[in-house]
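Structure at a glance
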Amino acid sequence: MDDAIDVRGIRKSFGQVQVLAGVDLTVSRGSVHALLGSNGAGKTTLVTILATLLRPDAGTATIAGADLADDPLAVRRRIALTGQSAAVDEVLTAEENLRMMACLRGLRGRAARQRSRELIERFGLADAADRRVKTYSGGMRRRLDLALSLVVAVPVVFLDEPTTGLDPRSRRELWDVIRSLRQDGATVLLTTQYLEEADELADMVSILRDGRVVAEGSPAELKRTVGEDVVEVRDAVGTVLHSEPTDGTSAGLRRALDAIDAHGLSGEVVVRRPSLDDVFFALTSHTQSHDTTENPGDQAGSLASAERIPS
Ligand SMILES: Nc1ncnc2c1ncn2[C@@H]1O[C@H](COP(=O)(O)OP(=O)(O)O)[C@@H](O)[C@H]1O
Ligand SMILES: [Mg+2]
């Protein structure tokens, strides 16, 4: 079997609240897979379960060939997990943090030093390697956190909202790092609230909502369901007067603006990209219109089965 991650029917409730209601997810080896969902959708809960740190109520999972329930130790050896809170020691430098982690992971002397240097270079921390971590920016901390989780190379990397709270530049730097992980052959499961991030990085995207994967596809397939970027003309109170599709290129933007001029419209002109909300909206209105004919009144049920986005 060539899948790096295979998840079947994972359920989890906290008290009366069901957070995961039967999650199915397959991630191909060597791919970057984005788990997209709004705040509170259950992304962290799922990743924490897959990383063996929380027991599911039901369901099974295989990670890099190891069964989550039968052999959690083997799973742990094959994964790295980076969460939202950095597990770095503030008073140490990046290099000291990495050497300490290398020692914890059984590397000694020269091997520990060498691995630390490699990771420092790779994660763009060379200039700051000798500074205490408390002087680092959010983006630098996040990169160091990721480096720490990769002191021992592993086939599967979980990144839980790696760029949340970062400024645009740090976000882009982290994106580069994630792309380089994939180039080295790692499988990456990353969670995000940003459609744009999934679009930039992911080979495949699964949308988590109401405790289930409600849609799955490549970023291009997902975007097709919500339509493309549009240039909108709005009046003073924000009402959309006209909406012109565009393709994200400067030539396309020029064409859209020409078309708007040709209509003789004036107002505030904005470029709008589809957001996660637009995807949800497109999905719900789509499933709703499906269901009203066959299954009236069962809107929750309409989201129950994962839907393959038509390409
Ligand atoms: N240990 C816990 N005890 C009780 N409720 C929890 C616990 N962990 C998460 N939750 C709840 O589960 C839901 C999903 O949380 P989480 O997995 O963190 O979502 P996400 O990472 O997508 O933002 C939230 O409503 C959260 O309050
Ligand atoms: Mg979370």
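The following paragraphs examine the structure supplied in this document.

Reading guide: rules and limits
Residues numbered from 1 in each chain as written. Chains lettered and ligands numbered in written order. Predicted model: local features only at pLDDT ≥ 70, side-chain atom pairs only at ≥ 80, totals over all residues. Heavy atoms only, no water. Pairing = 2+ DSSP bridges. Helix = DSSP H or I, 4+ residues; strand = E, 2+ residues; numbered from the N terminus. 1 Å grid on protein atoms, 1.4 Å probe; cavity = no way out; pocket = protein on both sides within 12 Å on 5 of 7 lines; lining within 4 Å. Points joined across faces, edges and corners; volume = space filled by probe spheres on them. Contact = heavy atoms within 4.5 Å. Phe/Tyr/Trp six-rings, centres within 6.5 Å; stacked < 30°, edge-to-face > 60°. Lys NZ or Arg CZ within 6 Å of the ring centre and 35° of its normal. Near = heavy atom within 4 Å. Areas by Shrake-Rupley, 256 points an atom, 1.4 Å probe, with all protein chains shown as cover. Nonpolar A, V, L, I, M, F, W, Y, C, P; charged D, E, K, R; others polar. Salt bridge = Lys/Arg side-chain N within 4 Å of Asp/Glu carboxyl O. Buried < 20%, exposed > 50% of the residue type's maximum accessible area, 1.4 Å probe, protein only. Axes fitted to C-alpha atoms, helices over the stretch in contact; angles between N-to-C directions.

1. Quick word on the pairing of strand β10 (residues 212-217)
- In the sheet, strand β9 (residues 204-209) pairs with β10 via five bridges, with the strands oriented antiparallel. Across the sheet, residue S206 finds its bridge partner in β10, namely E216.
- Linking two consecutive strands that pair antiparallel, namely β9 and β10, is a turn of two residues; a positive phi of about 50 degrees is found at D210 within it.

2. As for the layout of surface pockets
- Of the voids in this model, the second largest pocket is the one considered here, and its volume is about 230 Å³.
- Lining of the second largest pocket is provided by I49, T52, L54, R55, P56, G59, T60, A61, L68, A69, P72 and R76.
- For the lining of the second largest pocket, the secondary-structure elements that each account for two or more residues are β4 (58-63) and α2 (72-78).
- For the lining of the second largest pocket, the element with the most residues is β4, which contributes three residues.

3. Considerations on the environment of A147
- Secondary-structure assignment places A147 in helix α5 (residues 138-149).
- Those residues in contact with A147 that lie beyond four places of it in its chain are L98, L119 and F123.

4. Things to note about the packing of aromatic side chains
- Tallying each qualifying case throughout the model produces zero aromatic pairs.
- The side chain of R171 reaches across the aromatic face of Y194, ending 4.3 Å from its centre.

5. Concerning the site of ligand 1
- In the vicinity of ligand 1, the residues found are F14, V19, S38, N39, G40, A41, G42, K43, T44 and T45.
- Burial of ligand 1 by the protein amounts to 55% of the accessible area it has alone, namely 560 Å².
- Element by element, the count of residues in the shell around ligand 1 is highest for helix α1 (residues 43-50), at three residues.
- Residues that form the shell around ligand 1 fall into these classes: three nonpolar, six polar and one charged.

6. A look at the pattern of salt bridges
- For the coordinates displayed, the defined rule picks out 17 salt bridges.
- E118 serves as the salt-bridge partner of R115, at 2.8 Å between the closest nitrogen and oxygen. Placement of the pair is R115 and E118 together in helix α4 (residues 109-122), with a separation of three residues, close to one helical turn.
- Assessed through its relative accessible area of 19%, R115 is described here as buried.
- Two residues, D247 and R255, come together in a salt bridge whose shortest N-O distance is 3.7 Å.
- In this structure D247 comes out as partly exposed when scored by relative accessible area, which is 47%.

7. Considerations on the sheet that holds strand β11 (residues 229-234)
- The three strands are arranged β12-β11-β13 in an open sheet whose pairing can be described as antiparallel. Looking at strand neighbours, the two that pair on one side only are β12 (240-246) and β13 (268-272), the edges of this open sheet. Neighbouring strand axes in the sheet, compared pairwise and without regard to direction, differ in orientation by 20 degrees on average.
- Bridging between β11 and β13 involves five bridges; their strand directions are antiparallel. From the neighbouring strand, R234 faces β13, where its bridge partner is E268.
- In this fold helix α9 (residues 250-262) packs onto β11, β12 and β13, with an angle of close to 145 degrees to the strand it touches most, β12.

8. Remarks on unusual backbone geometry
- Of note, A64 is a non-glycine position whose phi angle comes to about 45 degrees, a positive value.
- We classify A64 as partly exposed; its relative accessible area is 22%.
- Of note, the phi angle at D210 is positive, near 50 degrees, even though the residue is not glycine.
- Examined against the element boundaries, D210 turns out to sit in the loop between β9 and β10.

9. A closer look at the sheet that holds strand β1 (residues 3-14)
- With antiparallel pairing, the four strands of this open sheet are ordered in space as β2-β1-β4-β5. Every other strand in the sheet has two partners, leaving β2 (17-28) and β5 (66-67) as the edge strands with one partner each.
- With five bridges connecting them, β1 and β4 associate as antiparallel partners. Bridging across to β4, D6 finds its partner in T62.
- Along the sheet, α1 makes contact with β1, β2 and β4, crossing β1 at roughly 120 degrees.

10. Regarding the environment of L189
- Among the secondary structure elements, L189 is positioned in strand β8 (residues 187-192).
- Between the C-alpha atom of L189 and that of V47, which follows or precedes it by 142 residues, the distance is 8.6 Å.
- Residue contacts for L189: discarding those within four places in its chain leaves I5, L25, V27, H33, L35, L50, V157, F158 and L159.

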